[in-house]
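# Chain and residue survey
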Amino acid sequence: MNLGVRWTLHGDGRTPAPGAVVRPDERLSWPRTVGLGAQHVVAMFGASFVAPVLMGLDPNLAIMMSGVATVIFLLATRGKVPSYLGCSLSFVGVAATIRASGGDSATVTGAVLVVGAVLFLAGLAVRRFGARIIHAAMPPIVTGAVVMLIGFNLAPVTASTYWPQDQWTALLVMLFTGLAVVCLRGFWSRVAIFLGLVFGYALSWVLDLAFGRIHSPLGGAEAVDHWRLDLSGVAKADWIGLPAFHAPAFEWSAILVALPVVIALVAENAGHVKAVGEMTGDPVDDKLGTAIAADGAASVLSTALGGPPNTTYSENIGVMAATRVYSTAAYWAAAGFALLFGLCPKFGAVVAAIPGGVLGGITVILYGMIGLLGAQIWINAKVDLRNPLNLVPAAAGIIIGVGGVSLKITDNFELGGIALGTIVVITGYHVLRAFAPAHLKEQEPLLDAGTSSYESGEGDDAQPVAKS
């Protein structure tokens, strides 16, 4: 059985020839491959650091399970789709909503585990029936609106929890990160979030030395005197040890809040598979169902142990584009580094010590970028917002999701925020389409970004047919 763990040496094993690329089944020399693996780890660190911290989960376990998830993904796709699976930021708003309603870490991971299982089943459905079912259930207007409301729903978290802890640090970190994203080139622009975290970490340390403690709200609580950067936990942490595991707990209210994120994860995987195919020159669209199912299976395993869910990382696509090295051997090396970091509690303590003001500056940009990815889906698919069939359900769902509108069903159960907004977008679009006049339905059907090469076919083994 070919598991995609054998690679041929590319050229002399040093650098790709001008205009050439290192294909997924090729590799450079092992020292260079290991170095590229370390580069991939650095690329994913920024988001993988921030996401578990924002979700209230163990960053050590998150990093370790990202390595495990990457191995599962590479084996499932037989080494055809180079990708790193890191902690998904799409669930940050879900975690905040669940915790705000009294849920704990077990409730968060239980809800996300169900999402992972649904994602796995969605992948199997795509394998069996082809990617056209994605468009049938979730056309671009729906996908874009759901991604947008997931991102913008996070705005109150930044405004009320992180930014007030140290507003001036947050402002400076926001400015530095923005400049890094815009002004840096190549690899460095891809790790701008990580650079922003390092800058904020150093700035908080300097401000503590210069001005002493700050009097501000700590984690949304009342204002108290506290250090911006508290490293007491780092000194107490061991160098080697297992991360903290916990079992998930299942509550219907939390599960309903988390389920809409399935839409965002399908869109992320579809876009990733399409991008990899375009960069390598080898069509891998036939692996879309497998990629989605592998992501779901890896997320189920991670959350079953108390870790966060995972998804394909666009940051690592940037590394591949910059280096022209698409070897899956580099991702195996990256997974190995992640496993080692996960076994170092001191590393996790350093991550957990990220000051609230730093997170405030980072999340202002990060949450906005997540939301605007929804607008990018609309642009890529040429969605016409002048058409009321598109405009009405998207507008209503986004306002409900962003504004936190709720609908009380019984004394003990209510829908609101992300869950209610997603339901309104999906059901609203399909119900309105059923009753809409013919001229409002005349827009040519377009598949989501990443699945545009599918026109027909049955399952993963079918050959994709390019649209004319």
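Residues numbered from 1 in each chain as written. Predicted model: local features only at pLDDT ≥ 70, side-chain atom pairs only at ≥ 80, totals over all residues. Heavy atoms only, no water.

Here the focus is the overall build of the chain. When its secondary structure is counted, the chain shows 20 helices and 8 strands. The 468 residues of the chain split such that 53% are buried. (Helix = DSSP H or I, 4+ residues; strand = E, 2+ residues; numbered from the N terminus. Buried < 20%, exposed > 50% of the residue type's maximum accessible area, 1.4 Å probe, protein only.)

Contact geometry for helix α6 (residues 140–152) and helix α13 (residues 261–280): axes closest at 9 Å, N-to-C directions at 115°. Classified by the angle their axes make, α6 and α13 are roughly perpendicular. Crossing of α6 against α13: the hand is left-handed. Contact residues: Thr 143, Val 146, Val 147 and Ile 150 in α6; Val 261, Ile 263, Ala 264 and Ala 267 in α13. Of the residues contributing to the contact of α6 with α13, the split by class is 7 nonpolar, 1 polar and no charged. (Axes fitted to C-alpha atoms, helices over the stretch in contact; angles between N-to-C directions. Parallel < 35°, antiparallel > 145°, perpendicular 65-115°, else oblique. Left-handed = near helix turned anticlockwise from the far one by under 90°. Contact = heavy atoms within 4.5 Å. Nonpolar A, V, L, I, M, F, W, Y, C, P; charged D, E, K, R; others polar.)

Evaluation of the coordinates by the stated rule reveals 2 aromatic pairs. Here the aromatic rings of Trp 7 and Trp 30 are separated by 5.9 Å at their centres, their planes lie at 85°, and the arrangement is edge-to-face. Remark: Trp 30 occurs in helix α1 (residues 30–55) and Trp 7 occurs in the segment before β1 (8–9); sequence separation between them is 23 residues. When the ring of Phe 176 is compared with that of Phe 199, the centres are 4.3 Å apart and the planes differ by 5°; the resulting orientation is stacked. With Phe 176 in helix α8 (residues 167–183) and Phe 199 in helix α10 (residues 192–211), this residue pair connects regions lying 23 residues apart in the sequence. Among the residues examined, Phe 176 registers a relative accessible area of 31% and is labelled partly exposed. If you follow Lys 346 out to its NZ or CZ, it ends over the ring of Trp 239, 5.2 Å from the centre. (Phe/Tyr/Trp six-rings, centres within 6.5 Å; stacked < 30°, edge-to-face > 60°. Lys NZ or Arg CZ within 6 Å of the ring centre and 35° of its normal.)

If you check which residues of helix α3 (residues 92–100) are buried, you get Val 92, Gly 93, Val 94, Ala 95 and Ile 98. Looking one or two residues past α3, Gly 102 carries a phi angle of roughly 100°, positive in sign.

On to the pattern of salt bridges. Counted by the stated rule, this structure contains 4 salt bridges. Among the ionic pairs, Asp 208 bridges to Arg 228, the shortest N-O distance being 3.1 Å. You can see Asp 208 sitting in helix α10 and its partner Arg 228 sitting in the loop between β5 (223–226) and α11 (232–236), a full 20 residues away along the chain. With respect to burial, Asp 208 and Arg 228 carry one shared label: buried. Several salt bridges converge on common partners, so that one network encompasses Asp 166, Asp 208 and Arg 228. (Salt bridge = Lys/Arg side-chain N within 4 Å of Asp/Glu carboxyl O.)

Taking 1.5 Å as the rise per residue, α13 with 20 residues should run 28 Å; its terminal C-alpha atoms sit 29 Å apart, in good agreement. Within α13, 15 of the 20 residues are buried, which leaves it mostly tucked inside the rest of the structure. (Expected span 1.5 Å × (residues − 1).)

On average, residues of the chain score 81 in pLDDT, and 89% of them are at 70 or above. Overall, residues 444–468 carries pLDDT values under 50, and its contacts beyond four positions in sequence, including any with other chains, amount to 68 contacts. (pLDDT = per-residue confidence, 0-100.)

Below, the discussion takes up a nonpolar patch on the surface. Together, Leu 242, Phe 245, Leu 301, Leu 305 and Leu 343 make up an exposed nonpolar region whose accessible area comes to about 430 Å². Relative to the elements of secondary structure, Phe 245 occurs in the loop between α11 and α12 (252–258). (Patch = residues over 30% accessible without salt bridge, like charges linked within 9 Å, V, L, I, M, F, W, Y side chains within 5 Å. Areas by Shrake-Rupley, 256 points an atom, 1.4 Å probe, with all protein chains shown as cover.)

Quick look at the side chain of Ser 204 now. Position of Ser 204 among the secondary structure elements: in helix α10. Among the residues examined, Ser 204 registers a relative accessible area of 1% and is labelled buried. When near neighbours in sequence (up to four residues on either side) are disregarded, Ser 204 contacts Thr 169, Arg 228, Leu 229, Pro 355 and Val 358.

Moving on: the packing of α8 against helix α18 (residues 356–380). Contact pair α8 / α18: the axes reach a minimum separation of 7 Å and the direction vectors enclose 45°. For the element pair α8 / α18, the angle class is oblique. Once α8 is placed against α18, the crossing between them reads as right-handed. Every residue of α18 that contacts α8 at Thr 169, Ala 170, Val 173, Met 174, Thr 177 and Gly 178 is listed here: Gly 357, Val 358, Gly 360, Gly 361, Ile 362, Val 364 and Ile 365.

In terms of nonpolar packing, the biggest core is built from 97 residues, with Met 55, Ile 134, Leu 288, Ile 362, Tyr 367 and Trp 378 touching the most fellow members. Examining the composition of this core, we find that 10 residues originate from one element, α13, more than from any other. Those residues in contact with Ile 362 that sit more than four places away from it in its chain are Val 50, Val 173, Thr 177, Ile 193, Gly 196 and Leu 197. Membership of the second largest hydrophobic core comes to 5 residues, among which are Val 22, Leu 28, Val 325 and Ala 330. (Core = buried A, V, L, I, M, F, W, Y, C linked by side-chain atoms within 4.5 Å.)

We note that Arg 78 has phi near 55°; this positive angle belongs to a residue other than glycine. Tracing the backbone shows Arg 78 in the loop between α2 (59–76) and β3 (85–87). Residue classification places Arg 78 among the partly exposed positions, given a relative accessible area of 37%.

Once that is clear, we can look at the environment of Ala 145. Summarising the element assignment, Ala 145 is placed in helix α6. Expressed as a C-alpha distance, the spacing of Ala 145 and Ala 396, which sit 251 residues apart in the sequence, is 9.8 Å.

Turning to the environment of Gly 336, a few remarks are in order. Structurally, the position occupied by Gly 336 is in helix α16 (residues 328–342). According to the relative accessible area criterion, Gly 336 is partly exposed, its value standing at 29%. A C-alpha to C-alpha distance of 8.6 Å links Gly 336 and Gly 37, two positions 299 residues apart in sequence.

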